[in-house]
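Structural characterization, general
So you can see what is in the structure, the chains are spelled out below.
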Amino acid sequence: MRMDDQQPALGEESSGLDGCEQGKDFQEPPGVDGDPPMGSERMEMRKRQMSVHQETVSSAQAQQSVGNRGSNACCFCWCCCCSCSCLTVRNQDDERTRKSSNEIRRLGIPNWEESPSPTLEDVYSWGQSFDKLMITPGGRNAFREFLRTEFSEENMLFWMACEDLKKEANKNVIEEKARLIYEDYISILSPKEVSLDSRVREVINRNMLEPSQHTFDDAQLQIYTLMHRDSYPRFMNSVIYKNLLQSLSETTAES
């Protein structure tokens, strides 16, 4: 009796296919995101696709970076401003400013004022008052030579710089000369700093916010008074003054 139509017993599998046939018909579940399963060839192809995709993304990011740099570029070129011609222009402006400052400093106060040779009467008048000494170039030259021997020539240089500033009318030049005077004679870092009290320094600091021809008037008066009271009496007793007076006296007597 054939048992083909008999039902399988409880606990037995109902498939009529053997293991090989089941393996042939078995399908692998889909991969991630619905992709079909990848063998060695498919895996290699997938890797190449991912590599191409990453290169495309990197290229797009690089182009975007260049675009952003271009949008922030300066008016002269598309490159980074730290290396473009803007920096060159800025350096040229700074160089011109330094040259201008050096030129003003060089021309502002001459090493020696040109003046006719003083007469005997001129030298006698210097001994009568400090004002008469300071109003003549010859007197200032002689007094400045004496101050140099006492290492206080900066007092005369500062006074002369203030006088030069008062003659200036150009606003830009006034500001530049005021800045140079401050750096040379007021700044505590300068080797030519003049001796001023705290009140006068405060006045100068306020005036430097808007420099003018009279920014240093109080300081100039204080230095003038210092030279008058301290240095002038010693100048009158100095070898420089006595030799000059004697030389002119002999020349006058011979003529």
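Described below are features of the structure shown in this document. (Residues numbered from 1 in each chain as written. Predicted model: local features only at pLDDT ≥ 70, side-chain atom pairs only at ≥ 80, totals over all residues. Heavy atoms only, no water.)

1. What to know about the overall build of the chain
Helix and strand counts for the chain stand at 11 helices and 0 strands. Looking at the 255 residues of the chain, the share that counts as buried comes to 27%. Counting only contacts in the chain whose residues sit at least 6 apart along the sequence, the fraction spanning at least 24 positions is 57%. Here the chain has roughly 18,000 Å² of accessible surface; of this, 53% comes from carbon and sulfur atoms. (Helix = DSSP H or I, 4+ residues; strand = E, 2+ residues; numbered from the N terminus. Buried < 20%, exposed > 50% of the residue type's maximum accessible area, 1.4 Å probe, protein only. Contact = heavy atoms within 4.5 Å. Areas by Shrake-Rupley, 256 points an atom, 1.4 Å probe, with all protein chains shown as cover.)

2. Observations concerning the packing of helix H7 (residues 153-166) against helix H10 (residues 217-236)
Relative to each other, H7 and H10 sit at 140 degrees, their axes nearing to 10 Å. Here H7 is positioned oblique relative to H10, judged by the angle of their axes. As H7 runs across H10, the sense of the crossing is left-handed. Along the contact surface, H7 presents Asn155, Met156, Phe158, Trp159, Cys162, Glu163 and Lys166, while H10 presents Asp217, Ala219, Gln220, Ile223, Tyr224, Leu226 and Met227. Its residues placed into classes, the contact of H7 with H10 shows 9 nonpolar, 2 polar and 3 charged. (Axes fitted to C-alpha atoms, helices over the stretch in contact; angles between N-to-C directions. Parallel < 35°, antiparallel > 145°, perpendicular 65-115°, else oblique. Left-handed = near helix turned anticlockwise from the far one by under 90°. Nonpolar A, V, L, I, M, F, W, Y, C, P; charged D, E, K, R; others polar.)

3. Here's the deal with H10
Between the first and last C-alpha of H10 there are 27 Å, a value that for 20 residues agrees with the 28 Å anticipated at 1.5 Å per step. Along H10, the largest kink reaches about 35 degrees and is centred on His228. Among the residues of H10, those classed as buried are Ala219, Gln220, Ile223, Tyr224, Met227, Ser231, Tyr232, Phe235 and Met236. (Expected span 1.5 Å × (residues − 1). Bend = angle between axes of the 7 residues up to and from the residue.)

4. A few points about the environment of Ile223
Among the structural elements, Ile223 can be located in helix H10. Between the C-alpha atom of Ile223 and that of Leu196, which follows or precedes it by 27 residues, the distance is 7.7 Å. Among residues more than four places away in sequence, those in contact with Ile223 are Asn155, Phe158, Val194, Ser195 and Leu196.

5. A word on the environment of Glu176
Summarising the element assignment, Glu176 is placed in helix H8 (residues 171-186). The spatial distance from the C-alpha of Glu176 to the C-alpha of Pro211 is 8.9 Å, given a sequence separation of 35 residues.

6. Thoughts on helix H11 (residues 239-254)
What sets the pattern is the α-helix's 3.6 residues per turn: residues three or four places apart point alike. End to end, H11 covers 22 Å across 16 residues, agreeing with the expected 22 Å (1.5 Å per residue, within 8%). Those residues of H11 lying buried are Tyr241, Leu245 and Leu248. Looking straight down H11, one finds that the buried residues subtend no more than 70 degrees of arc, so they occupy a single side. In this structure, H11 carries Val239, Ala253 and Glu254 as exposed residues pointing more than 90 degrees from its buried face. Where H11 is buried, its residues meet helix H4 (120-128) and H10. (Arc of directions from axis to C-beta.)

7. Re the pattern of salt bridges
Evaluation of the coordinates by the stated rule reveals 12 salt bridges. Between Arg234 and Glu150 there is a salt bridge; the shortest N-O distance is 2.7 Å. Taken together, the residues span a long stretch of sequence, with Arg234 in helix H10 and Glu150 in the loop between helix H6 (137-149) and H7 at a distance of 84 residues. Arg179 is paired through a salt bridge with Glu176; the nearest N and O atoms lie 2.4 Å apart. Residue Arg179 and its partner Glu176 are both found in helix H8; the two are separated by 3 residues, about one turn of the helix. Of the residues examined, Arg179 reaches a relative accessible area of 28% and is grouped as partly exposed. Residue Glu176 is classed as buried on the basis of its relative accessible area, which comes to 15%. (Salt bridge = Lys/Arg side-chain N within 4 Å of Asp/Glu carboxyl O.)

8. Observations regarding the side chain of Arg201
On the secondary structure map, Arg201 appears in helix H9 (residues 198-207). The exposure class assigned to Arg201 is buried, which follows from its relative accessible area of 19%. Of the polar contacts made by the side chain of Arg201, one reaches the side chain of Glu193; its length is 2.5 Å. Once residues lying within four places of it in the same chain are set aside, the contact partners of Arg201 are Ile186, Ile188, Glu193, Val194 and Leu196. (Polar contact = N/O pair within 3.5 Å; in protein donor to acceptor, adjacent residues only side chain to side chain.)

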